[in-house]
Amino acid sequence: MTLDDLRVFTAVCRTSSLSAAARDLSCTQSAVSQHVKRLERELGLSLLERHTRGVVPTRAGRVLYAAVTEGLGCIDHALRRLEEVARAEGGSVRVTTGATTVRHFMSAAVVDFRRRFPQASIEFQTETSSRGCFDALTAGGVDLAWITLGPATGTIEQRPVVELPWSLAVSAADPLAAKAFLEPADLQDARLIGLPENSTSRQQLGTWLAESGIRPVFDTSVADWDTAILLAELGLGHAVVPALPAWSGPGHPDLRLIPIPALPALTAGWAVRRWDALAPLARAFAETVAHLCGTQAVVGQTRA
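What you see is a predicted model; the values in this text were computed from it and never measured.

Reading guide: rules and limits
Each chain carries its own residue numbering, running from 1 in the direction its sequence is written. Selection of residues for local features in this predicted model requires a pLDDT of at least 70, selection of side-chain atom pairs for listing and counting requires 80 or more, and totals for whole chains, interfaces and linings are taken over all residues. To get the side-chain values, all heavy atoms of the structure are used, and hydrogens and water are removed first. Numbering of helices and strands runs from the N terminus; a helix is a DSSP stretch of H or I covering at least four residues, while a strand is a stretch of E covering at least two. Relative accessibility under 20% of the residue-type maximum defines a buried residue, over 50% an exposed one, and the middle range a partly exposed one, all with a 1.4 Å probe and only protein chains included. Should any heavy atoms of two residues lie within 4.5 Å, those residues are considered in contact. All accessible areas in this document rest on Shrake-Rupley with a 1.4 Å probe, and a residue is counted as covered only by the protein chains that are shown. Asp and Glu count as negative and Lys and Arg as positive, but His and the ends of the chain are not part of the count. Lysine's charge is taken at NZ, arginine's at CZ, aspartate's at CG and glutamate's at CD. Pairing between strands is defined by DSSP: at least two bridges between them are needed. Structural elements are reduced to axes, namely lines fitted to C-alpha atoms, with helices fitted over the stretch in contact, and the angle between N-to-C directions of any two is expressed from 0 to 180 degrees. Buried Ala, Val, Leu, Ile, Met, Phe, Trp, Tyr and Cys residues that are joined via side-chain atoms within 4.5 Å together make up what is termed a nonpolar core. Cavity: a set of points on a 1 Å grid over the protein atoms alone where a 1.4 Å probe fits but cannot get out. Pocket: an open set with protein on both sides within 12 Å along at least five of seven lines, its lining residues, like those of a cavity, having an atom within 4 Å of a point. Grid points are joined across faces, edges and corners, and a volume is the space filled by probe spheres set on the points. Ten residue types, Ala, Val, Leu, Ile, Met, Phe, Trp, Tyr, Cys and Pro, are classed as nonpolar, four, Asp, Glu, Lys and Arg, as charged, and the remainder, Gly among them, as polar. Only residues above 30% relative accessible area that lack a salt bridge enter a patch, with like-charged residues linked at up to 9 Å and the nonpolar side chains Val, Leu, Ile, Met, Phe, Trp and Tyr linked at up to 5 Å. Should a side-chain nitrogen of Lys or Arg be within 4 Å of a carboxyl oxygen of Asp or Glu, the pair is scored as a salt bridge. The predictor rates its confidence in each residue with pLDDT, a number between 0 and 100. For Phe, Tyr and Trp, rings pair up if their centres lie within 6.5 Å, where Trp contributes its six-membered ring, and each pair is then called stacked (planes under 30 degrees apart), edge-to-face (over 60) or tilted (otherwise). In this scheme, the term charge over a ring applies when either NZ of a lysine or CZ of an arginine sits within 6 Å of the ring centre and within 35 degrees of the ring normal.

Draft legend 1. Quick look at the overall build of the chain. Tallying secondary structure elements over the chain gives nine helices and twelve strands in all. Its C-alpha atoms give the chain principal-axis dimensions of about 70 × 50 × 30 Å. Sorting the 304 residues of the chain into buried and exposed places 45% on the buried side. Restricting to contacts in the chain with at least 6 residues of sequence separation, those with at least 24 account for 74%. With an accessible surface of roughly 15400 Å², the chain has 55% of that area assigned to carbon and sulfur atoms. On the chain, the mean spot of the 29 positive side-chain charges and the mean spot of the 31 negative ones are 5 Å from each other.

Draft legend 2. Up close: the sheet that holds strand β5 (residues 144-148). Overall, mixed pairing links the five strands, which are arranged β4-β3-β5-β12-β6 in an open sheet. Looking at the sheet topology across the chains shown, the edges are occupied by β4 (121-126) and β6 (157-164). The mean inter-strand angle of the sheet, taken between neighbouring strand axes irrespective of direction, is 25 degrees. Two strands pair when backbone bridges link them, and β5 and strand β12 (residues 266-272) are joined in this way by four bridges, in the antiparallel orientation. Looking at the pairing, threonine 148 lines up with alanine 268 of β12. The sheet contacts of helix α5 (residues 101-116) involve β3 (92-97), β4, β5, β6 and β12, and relative to β4 the element is tilted by about 165 degrees.

Draft legend 3. Representation of the nonpolar core in the model. The biggest cluster of nonpolar side chains holds 57 residues, and the ones touching the most others in it are Phe113, Leu144, Trp146, Leu168, Val240, Trp270 and Phe285. Looking at which element gives the most residues to this core, the answer is helix α9 (residues 280-303), with seven residues. Filtering out sequence-adjacent residues up to four positions away, phenylalanine 285 remains in contact with Val93, Val95, Met106, Ala109, Val110, Phe113, Ile122, Phe124, Leu144 and Trp270. The next biggest cluster of nonpolar side chains, apart from the first, holds 18 residues, and it includes Leu6, Val8, Cys13 and Val55.

Draft legend 4. Up close: empty space enclosed by the protein. If you walk through the whole model with that rule in mind, you get one cavity of 30 Å³ or more. When residues of the lining of the largest cavity are traced back to their parent elements, those giving at least two are β8 (191-194), α7 (200-211), α8 (225-233) and β10 (239-242). Its residues assigned to classes, the lining of the largest cavity shows ten nonpolar, two polar and one charged.

Draft legend 5. How the structure looks around a nonpolar patch on the surface. Taken together, the side chains of Met1, Leu43 and Leu45 present a nonpolar region at the surface, about 260 Å² in accessible area. Position of leucine 43 among the secondary structure elements: in helix α3 (residues 29-43). For leucine 43, a relative accessible area of 36% translates into the label partly exposed.

Draft legend 6. Fine view of the confidence of the model for the chain. Within the chain, residue pLDDT values average 86, and 92% of them lie at 70 or more. Note that pLDDT drops below 50 for residues 297-304; the model gives that stretch one contact with residues more than four away or on any other chain.

Draft legend 7. The packing of aromatic side chains, seen in detail. For the structure shown, the criterion picks out six aromatic pairs. Taken together through their ring pairs, the aromatic side chains of Phe105, Phe113, Phe117, Trp146, Trp270 and Phe285 make up a single cluster. Looking at arginine 159, its charged tip hangs above the ring of tryptophan 275, at a distance of 3.9 Å from the centre. Directly above the aromatic system of phenylalanine 218 lies the positively charged group of arginine 202, at a separation of 3.8 Å from the ring centroid.

Draft legend 8. Local environment of helix α2 (residues 18-25). Among all positions of α2, only Leu18, Ala20, Ala21 and Ala22 are buried. Buried positions along α2 lie against α1 (3-15) and α3. Downstream of α2 by a residue or two, serine 26 has a phi angle that is positive, lying close to 60 degrees.

Draft legend 9. Structural detail: unusual backbone geometry. Here the phi dihedral of serine 26 falls at roughly 60 degrees; this positive angle occurs in a residue that is not glycine. Note on serine 26: relative accessible area 69%, which makes it exposed. Even without being glycine, aspartate 189 reaches a positive phi, approximately 65 degrees. Residue classification places aspartate 189 among the exposed positions, given a relative accessible area of 56%.

Draft legend 10. Structural detail: the pairing of β8. Judged from the four bridges that link them, β8 and strand β9 (residues 217-221) form a sheet pairing that is parallel. Note on β9: the bridge partner recorded for arginine 191 is valine 217.

Now the structure itself:
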């Protein structure tokens, strides 16, 4: 078997589709099938089960997928470390995160990092959930993931960077806009704009509200916090969102962000495969973001 065979097999397991794997790898479905068949012939085992909606790994396939994912991630990481050694400070940092993260948490860090490492490149890969970020890390496709921190996992290390208090985004014309702060009870039966149900922040918010006996209705779903806040600013609903400095201040006269101090703050930060194995450039970028996020958080609290 070859590394290409194993890479193709992991792509098929990840996408649950031969055709989707072929698109991701820029090859034909027939070529993907041949790679999988070669593995099955060598191992003498069936690795995939065909279903009407795609393919799923067999028991043997799951064993191989788990081992290959871990192994290929380590190999790719080692190759990139060797490449960076050869290129000195001219390597790259690959980051996966949500669509609006760079604007809120990394813009100053990107400028500072580029000034200090002018030959280095930064590659951003957008994911819609923490689970997608974890998958990219496990597969070795990225160095760092900026996520909403959740329960610890066995293969990914998480490190908190910034805590984000919750607030209710409303239009300045809304009756709630005059309140200095809100209690969770004020959200009872509220109809809210929210992130998808599978997002970590939405799950944590739902859990915390439920513990207070509050069960609001999320009748509008959006992909990111910025869209939720914009819709609230336009008077199209209410949104419980983290306090993001970019939305405070005179630039948004029609928006009010009303604190909800009784809700536990949301924690955002870094996730990596192993901190002690992180490449020097990736570590430098992570530390730069953490330092400047702390500064930004202090400024945001002072303005409030």
